[in-house]
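Residues per chain are reported as follows:
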Amino acid sequence: MGRVVLVTGVARQLAGRFVRRVLRDPGVDRVVGVDAVPPEHPLDGALFVRADIRQPAIGRVLAEHGVDTVVHLDISATAPAGGGGRTAAKETNVIGTMQLLGACQKCPTVSRVVVRSSTTVYGSAPRDPAVFTETTPPKSLPGGGFAKDVAEVEGYVRGFARRRPDVAVCVLRFANILGPDAVSPLAQYFSLPVLPTVLGYDPRLQFVHEDDVLDVLSIASAEPRRGTLNSGTFNVAGDGVLTLSQCARRLGRPTLPLLPPAVTWAGTALRTLGVSDFSPEEIRLLTHGRVVSTVLTREALGFEPAHTTAETFADFVRHRGPGLLPPDALAAAFDGVADRLGDRVAALTRSAARTARRRGTAGTRSAG
């Protein structure tokens with residue numbers, strides 16, 4: 001028999017795409033999708049089970065279907081599909097993970113667990129290293145928000161790995177995920193008509209494409225290939241970095257530099273209006289940035305992202321449409337101004353040359 005894979009959070013687009021992807025794997029016999037609400041997108045031949053991972057019932061789902069591979073994707077900075085805001089997101093992230101891992105610990109058939117995490121766990125601070133590796137500790141422990149969620153989640157995962165050493169455990173720390181269907185606080189931020197920025201700062205940012213997320217999840221949830229090891233903790237990000245100012249220009253969106261207190265007030269207003277989840281940790285990211293090393297991911301996991309950070313952002317821009325200052329139109333406008341200035345300078349130069357010749361001629365006549 002092939003593998004039986006259980007995927008959590010299938011009401012979200014990314015998890016739904018992964019379900020459809022893993023169904024095509026010839027080594028997979030069945031796929032069980034779990035979420036508290038039914039998905040609005042198709043899961044093809046996967047079996048959907050409506051269950052809340054925060055409840056002990058998830059243990060019965062594992063035992064009933066003889067699950068051997070668990071891919072936990074129901075960890076996100078945005079509220080779950082059922083609503084509930086930040087409180088519901090925290091409960092799903094932390095309590096849901098705790099319940100799921102407890103059920104996995106009791107289920108003898110489970111042999112592999114893959115957990116979605118985030119590079120947010122490193123934080124963003126003024127004295128951060130230029131590049132984070134998987135073993136770099138954060139400069140300060142997160143005080144709240146999604147960063148604290150993923151820190152607690154990874155703590156539960158380490159405890160589970162100690163209690164079940166026979167289970168291969170893989171934690172994937174994703175950089176900011178972007179793509180055509182991206183739903184995240186950063187995607188909401190980049191969709192604003194004007195981008196609030198922190199005056200005097202131009203942070204370095206990394207992105208990972210949705211398609212690369214699916215590729216690395218497929219690698220992590222299968223048996224390791226020869227010469228690779230897909231258990232452990234890995235950073236996942238596209239090659240290269242972009243600064244926030246570069247992102248704004250490529251989006252064609254003007255920026256509004258603000259002093260730090262004003263940025264905090266703007267973030268509170270945007271959250272209150274429901275326009276964007278401009279959280280304090282998001283503000284820290286847009287102040288100090290964050291860059292991670294992916295050497296271990298390439299050498300141990302054997303994963304090479306197909307999209308660089310710049311290519312990922314370019315694909316995001318194509319699907320979001322032009323901003324108030326579309327780069328092509330802006331470049332054409334600058335070219336037009338440059339051409340007119342060039343013509344004007346050339347005309348002035350010709351006029352000055354004629355004047356100089358006339359003066360030279362007049363001087364020669366006077367001398368004669």
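Keep in mind it's a predicted model, so treat the numbers as computed, not measured.

Colleague: Mind showing me how you'd approach the packing of aromatic side chains here?
Modeller: The relation between two aromatic rings is expressed through the spacing of the ring centres and the mutual angle of the planes. Applying the stated criterion to the full structure yields 7 aromatic pairs. Taking the centre distance of 5.4 Å and the plane angle of 55 degrees together, the rings of Y189 and F190 count as tilted. With respect to class, Y189 is no different from F190; both count as buried. Seen from their ring centres, F313 and F316 are 6.0 Å apart, and the 35 degrees between their planes marks the pair as tilted. You can see F313 and its partner F316 sitting in helix α11 (residues 309-320), 3 residues apart, about one turn around the helix.

Colleague: Sorry if this is basic, but what is going on with the nonpolar core here?
Modeller: Counting residues in hydrophobic clusters, the biggest one holds 36 residues, and the most contacted among them are L6, V34, V61, L62, V70, C104 and V113. With 5 residues, the top contributor of residues to this core is helix α4 (residues 145-163). The residues touching V61, leaving out its near neighbours within four places in the chain, are L6, V32, V34, V49, A51 and V67. With 31 residues, the next largest nonpolar core counts V28, I177, V213 and L214 among its residues.

Colleague: Looking at this model, I keep getting lost on the pattern of salt bridges. Mind explaining?
Modeller: Where charged atoms from two side chains of opposite charge come close, those side chains can pair. Within the structure shown, the criterion is met by 15 salt bridges. Put simply, R17 and E210 hold a salt bridge, and the shortest N to O gap is 3.6 Å. Taken together, the positions of R17 in helix α1 (residues 13-23) and E210 in helix α6 (residues 210-221) put the pair 193 residues apart, joining distant regions of the chain. Taking the relative accessible area as the measure of exposure, E210 reaches 4% and is therefore buried. Taking the shortest distance from any N to any O, the salt bridge between R54 and E91 comes out at 2.9 Å. Taken together, the residues R54 in the loop between β3 (47-50) and α2 (57-65) and E91 in helix α3 (residues 85-106) connect sequence positions 37 residues apart. You can call R54 partly exposed: its relative accessible area is 23%. Relative accessible area serves as the criterion here: at 32%, E91 is assigned to the partly exposed category.

Colleague: Would you explain α3 in this entry?
Modeller: Taking 1.5 Å of rise per residue, the 22 residues of α3 would be expected to cover 32 Å, and the 31 Å separating its terminal C-alpha atoms lies within 8% of that figure. The largest bend along α3 reaches roughly 30 degrees and is located at G96. When α3 is considered as a whole, its buried residues turn out to be A88, A89, T92, N93, V94, G96, T97, L100, L101, A103 and C104. Check the buried side of α3 and you find it contacts β1 (3-8), α2, β4 (69-72), β5 (112-118) and α4.

Analysis parameters
Residues numbered from 1 in each chain as written. Predicted model: local features only at pLDDT ≥ 70, side-chain atom pairs only at ≥ 80, totals over all residues. Heavy atoms only, no water. Phe/Tyr/Trp six-rings, centres within 6.5 Å; stacked < 30°, edge-to-face > 60°. Buried < 20%, exposed > 50% of the residue type's maximum accessible area, 1.4 Å probe, protein only. Helix = DSSP H or I, 4+ residues; strand = E, 2+ residues; numbered from the N terminus. Core = buried A, V, L, I, M, F, W, Y, C linked by side-chain atoms within 4.5 Å. Contact = heavy atoms within 4.5 Å. Salt bridge = Lys/Arg side-chain N within 4 Å of Asp/Glu carboxyl O. Expected span 1.5 Å × (residues − 1). Bend = angle between axes of the 7 residues up to and from the residue.

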